[in-house]
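Summary of structural features
One letter stands for each residue in the lines below.
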Amino acid sequence: MPLYELVCISRGSLTQESMRTLLKRSAETVLDRGGAVRGFVNMGRDMPLPYRMKRHMEYHTHGTFWLMHYHSNPKTSGVLMSQLKLDPRVIRCNVIKITDKLSEMAAFNAASV
Amino acid sequence: MLSTLRTRLGFLRPSVFQAARRSMSSTTGTGPENTPIDSTKPTNETSSSSSSTSSIDEKKVQMASIMSDATQQQKQTPAQLSKLRNSLIPSKVYENATYTRKFKAKTIYHPRDLNEMEVLKASRRIPEVDSSKDPFVALGINPLKDYKNTNLLASFVTEMGKIKPRYKTGLTAKSQRRLSKAIKRARAFGLMPVTSRPYFMYNYKSLGRNVGQY
C-alpha cells in the first residue's frame, strides 16, 4: 500500500482536547479501512497563516499545522479527505502520495524525535 | 604672393598651395594636429578654409580626389574602393561606436570579436547552465520533496513572492521545473504566502532529520 502524507491546517483556537479528538478521528478513519498510521508531526500550534483563508463561512488568520503519515488504499485516502473537508475544525487539508516503492518507504523517517 | 600664385596656377590642385603655404609660413605655428575629421561633410576642392590645419586639408583633399577618380572611372571594384576608404577612416568613426572595447597587445582575436554586432549578440544570449553549479543536483535533492521547507523555497522567490526565472536562479531545466512545482504546491497547501516572500517558518525541526528526502 502506498505511503501518504496528510498536510492539515486546523483552527488555531482549538483546545487541546478537541485537537486530540480531531487527530484520533482522522487516524481511526484510516485504521478502520485496513490502513496503517505511521505517525503524526506537529508543525506549529496557533501559527499565523501565510494569507487569510476562508472556510466554513469564516475568515481565518491563525492555524495549527500538522501532518499525518499513513499507509492505505487510494479509496480510503479519498474518504479521509472528504470527511476532513466537512469538519468545521479544519481549515485546509491536502493529501500527497509520498511513494509506492518499498525501499523508499523503508527509508522514510518522519518524526524520529 | 599667394594670390598671384593662385591666379597663375589656378588649374593646379590645392595640395600644391598647402605645401607652398607651409614652406612660406614657418613661424606661424599651426603644426599638424591630430584632430578628427568629419568624414560625412562633403569635401569641396575650391573652398579651402584657411583656418584649418594642413593635415586635415590634405586628408580632405585626398578623399575628394579619390572620390572624383572613382566617379570618373566607375570601374573600381567595391573592394578596392573600401580599401581606399578604410585607409583614410579617421579616428572619430570609432569614437561614435556604441560599443567600445579595449584590445590588448599580444593577444589573438577572432574576426568575430572585431564585429560589434556579434559581440553584443553574444552578451545578450542566456548563458548555459552548468549542472554542477545547480545546488539540487550537487546535493542530490529533489526540490519537489522539500515543498514543506519554505526557508529553502524562499531563496528562489522574489520579494513579491514570484518564482524567479531560470536565468536568475541558475538551475537546470529539470530542477527549475520541480522547484516551481514545489512552490506552487506550498502555496496551494497554505504553507507559503503567494504575494510575498516567506519570512518565518513553522516548526520544521519537529519533522526530524532528512525529512524531505527518502
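The name given to chain B in an unreviewed UniProt entry is Small ribosomal subunit protein bS18m, and the organism recorded there is Coemansia asiatica. According to the UniProt record, the Sequence similarities (unreviewed entry) comment for chain B is "Belongs to the bacterial ribosomal protein bS18 family."

As annotated in an unreviewed UniProt entry, chain A is Ribosomal protein S6 from Coemansia asiatica. On record in UniProt, under Sequence similarities (unreviewed entry), the comment for chain A is "Belongs to the bacterial ribosomal protein bS6 family."

Reading across from one edge, β2-β3-β1-β4 (chain A) is the order of the four strands in this open sheet, with antiparallel pairing throughout. Only two strands of the sheet have a single partner each, and these edge strands are β2 (36-55) and β4 (90-99) of chain A. Each neighbouring strand pair of the sheet contributes to a mean axis angle of 20°, computed without reference to strand direction. Looking at chain direction, strand β1 (residues 3-11) of chain A and strand β3 (residues 58-71) of chain A are connected through nine bridges and run antiparallel. Pairing of I9 of chain A across the sheet is with F65 of chain A, part of β3 of chain A. Helix-sheet contacts for helix α2 (residues 74-86) of chain A involve β1, β3 and β4 of chain A, and the interaxial angle to β4 of chain A is about 165°. Against the sheet, helix α11 (residues 173-189) of chain B touches β1, β2 and β4 of chain A, its axis set at about 145° to β4 of chain A.

All right, on to the confidence of the model for chain B then. Residues and elements named next belong to chain B. Looking at chain B as a whole, the pLDDT averages 72, with 57% of positions reaching at least 70. Ranking the elements of chain B by mean pLDDT puts helix α1 (residues 2-8) last, at 51, and α11 first, at 95. This model gives residues 26-51 a pLDDT under 50, and the stretch forms 20 contacts once residues within four places in sequence are excluded.

We now examine the nonpolar core. Judged by nonpolar contacts, the single largest core of 24 residues is most densely connected at V7 and F65 of chain A together with Y147, L153, L179 and L191 of chain B. Those elements that place two or more of their residues in this core are β1, β2, β3 and β4 of chain A together with α11 of chain B. Excluding its chain neighbours within four sequence positions, the residues that come into contact with V7 of chain A are M43, W66, L67, R92, C93 and N94 of chain A together with Y147, F189 and L191 of chain B. M19, W66, Y70 and L80 of chain A belong to the second largest nonpolar core, which has 15 residues in total.

So, how was this worked out
- Residues numbered from 1 in each chain as written.
- Chains lettered and ligands numbered in written order.
- Predicted model: local features only at pLDDT ≥ 70, side-chain atom pairs only at ≥ 80, totals over all residues.
- Heavy atoms only, no water.
- UniProt positions renumbered as here; feature names shortened; annotations may be inferred.
- Pairing = 2+ DSSP bridges.
- Helix = DSSP H or I, 4+ residues; strand = E, 2+ residues; numbered from the N terminus.
- Axes fitted to C-alpha atoms, helices over the stretch in contact; angles between N-to-C directions.
- Contact = heavy atoms within 4.5 Å.
- pLDDT = per-residue confidence, 0-100.
- Core = buried A, V, L, I, M, F, W, Y, C linked by side-chain atoms within 4.5 Å.
- Buried < 20%, exposed > 50% of the residue type's maximum accessible area, 1.4 Å probe, protein only.

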